[in-house]
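Residues per chain are reported as follows:
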Amino acid sequence: MSRPKTDEGENVTTTTNTSTIRTATTDKLLEVRDVGHVYGSGEKAYRAVDHLSFAVAPGEMVSIVGPSGAGKTTLLRLLSGLLTPSEGEVRLEDKVIRGVPRGLAMVFQDYSRSLLPWMSVEKNILFPLNNSPKTAADRRAIVAESIEAVGLGGHEKKYPWQLSGGMQQRVAIARALAYRPRVMLMDEPFASVDAQTRSDLEDLVLAIRAAYGMTIVSVTHDIDESVYLADRVLVLSRAPARLVADIPVELPAPRDQIATKENETFIHIRSRVARLVRSGGDPLSEE
Ligand SMILES: Nc1ncnc2c1ncn2[C@@H]1O[C@H](COP(=O)(O)OP(=O)(O)OP(=O)(O)O)[C@@H](O)[C@H]1O
């Protein structure tokens, strides 16, 4: 759901009554301000992230790519509040994140460890909701809706070990969705499933995003996926991670696994991202 921009560089949102609301391009739901991170101290100090700044607007889908070991997971941990940056700050809705804030949900690569094996599909989704929404009936309704949204209707009473890997990752996505997060963070979410399931899950994320207007930040090693899913691809350098490119992806919606990947713009962006990642983020690779 990238917003069209005016010549003046403003984002434009059109409301249902045809009036137009103009918001500045500084429409920041999540903001990374000059963030650096160093693991350890003294001689063992290791700088994983360096002077990183970017923002994510409401409803945007942003992919983050970079060479292996660049610091992508570190960045996601900083965004989620699991790690406190050594320098700079991360803001969600203009509030500095200290610890894991309400309003963020994470989907991890390893679904087998993120689901509770002794709980059914519906209980896995219900459990983290605690008392929000307030009534049990509302919580049950939101769980049922989320299960339908990920295409798992009829599997509510099953246990994770009775489901395929792709279905388990659908449960993890439903759990994040039920929470109605302000931002969904995904760390290599489809790296552990086969190619066909991966494509299906990518399309599921696009469908959910279209239906719920979700803001999503996804870290991936898969360059095709980074471009296919996103409104913007952020490319990180070799460690310590710096931002080397912020590439808008202007491709028609809805995206399609075959037609989108045949599109010349897609091919061009994918090649550009691949060159940057292979070179470790050397801008000269673009020449
Ligand atoms: N807890 C830690 N203590 C010390 N160093 C760490 C820690 N976690 C990560 N690192 C180091 O920080 C660097 C970045 O790691 P990170 O896992 O963020 O990279 P990544 O881009 O996600 O890697 P990959 O592409 O392999 O998934 C690596 O050199 C890693 O060894």
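The structure displayed is predicted, hence computed values, not measured ones. (Residues numbered from 1 in each chain as written. Predicted model: local features only at pLDDT ≥ 70, side-chain atom pairs only at ≥ 80, totals over all residues. Heavy atoms only, no water.)

In this model helix α5 (residues 165-178) runs 20 Å from its N-terminal to its C-terminal C-alpha over 14 residues, within 8% of the 20 Å that 1.5 Å per residue would give. The element α5 is extensively covered by neighbouring structure, given that 13 of its 14 residues are classed as buried. Positioned one or two residues after α5, R180 has a phi angle of 50°, which is positive. (Helix = DSSP H or I, 4+ residues; strand = E, 2+ residues; numbered from the N terminus. Expected span 1.5 Å × (residues − 1). Buried < 20%, exposed > 50% of the residue type's maximum accessible area, 1.4 Å probe, protein only.)

Two side chains bearing opposite charge may form a pair once their charged atoms approach each other closely. Per the stated rule, a full pass over the model turns up 19 salt bridges. R242 is the partner of D50 in a salt bridge, and the nearest nitrogen-oxygen pair spans 2.7 Å. With a gap of 192 residues between them, D50 in strand β4 (residues 46-56) and R242 in the loop between β11 (232-236) and β12 (243-248) connect regions that are remote in the sequence. R182 is the salt-bridge partner of E93, the closest N and O atoms lying 2.6 Å from each other. Of this pair, E93 sits in the loop between β6 (87-92) and β7 (95-96) while R182 sits in the loop between α5 and β9 (183-187), and the two are 89 residues apart along the sequence. (Salt bridge = Lys/Arg side-chain N within 4 Å of Asp/Glu carboxyl O.)

Our next topic: helix α4 (residues 136-149). Given 3.6 residues per helical turn, the α-helix brings residues three or four places apart onto the same face. An ideal rise of 1.5 Å per residue puts 20 Å on 14 residues; α4 measures up with 20 Å between its terminal C-alpha atoms. Burial in α4 covers these residues: R139, I142, V143, S146 and I147. An end-on view of α4 places all buried positions within 135° of arc, on one side of the element. Turned more than 90 degrees off the buried face of α4, the exposed positions are R140 and E148. Here the buried face of α4 lies against α3 (121-126) and α5. Downstream of α4 by one or two residues, G151 has phi in the positive range, about 75°. (Arc of directions from axis to C-beta. Contact = heavy atoms within 4.5 Å.)

Before going further, it helps to spend a moment on the packing of α5 against helix α6 (residues 195-212). When two helices pack together, their arrangement is given by the angle between the helix axes and the distance between those axes. Interaxial distance between α5 and α6 falls to 11 Å at its minimum, and their mutual angle equals 15°. Considering the angle they form, α5 stands roughly parallel to α6. Handedness of the α5/α6 crossing: right-handed. Between α5 and α6, the residues in contact are G166, Q169, R170, I173 and L177 and T197, D200, L201, L204, V205, I208 and Y212, respectively. (Axes fitted to C-alpha atoms, helices over the stretch in contact; angles between N-to-C directions. Parallel < 35°, antiparallel > 145°, perpendicular 65-115°, else oblique. Left-handed = near helix turned anticlockwise from the far one by under 90°.)

Moving on: the site of the ligand. Near the ligand the following residues occur: Y39, Y46, A48, S68, G69, A70, G71, K72, T73, T74 and H221. Take Y46: an N or O atom from its side chain is 3.2 Å from an oxygen atom of the ligand. At 2.8 Å from an oxygen atom of the ligand is found a side-chain nitrogen or oxygen belonging to K72. In isolation the ligand exposes 640 Å². Once the protein is present, 59% of that is buried. Put simply, the parts of the chain that give the shell around the ligand at least two residues each are β4 and α1 (72-80). Grouping the constituent residues of the shell around the ligand by class yields 4 nonpolar, 6 polar and 1 charged. (Near = heavy atom within 4 Å. Polar contact = N/O pair within 3.5 Å; in protein donor to acceptor, adjacent residues only side chain to side chain. Areas by Shrake-Rupley, 256 points an atom, 1.4 Å probe, with all protein chains shown as cover. Nonpolar A, V, L, I, M, F, W, Y, C, P; charged D, E, K, R; others polar.)

We describe a pair of aromatic rings using the distance from one ring centre to the other and the angle between the two ring planes. Inspection of every chain in the model, using the stated rule, returns 1 aromatic pair. With centroids separated by 5.8 Å and ring planes inclined at 10°, the aromatic side chains of Y159 and W161 adopt a geometry described as stacked. On the accessibility criterion, W161 (61% relative accessible area) is exposed. Positioned above the aromatic ring of Y228 is the side chain of K261, whose terminal nitrogen or guanidinium carbon lies 4.8 Å from the ring centre. (Phe/Tyr/Trp six-rings, centres within 6.5 Å; stacked < 30°, edge-to-face > 60°. Lys NZ or Arg CZ within 6 Å of the ring centre and 35° of its normal.)

Assignment of secondary structure puts I173 in helix α5. Along the primary structure I173 and V107 are separated by 66 residues, whereas in three dimensions their C-alpha atoms are 6.5 Å apart.

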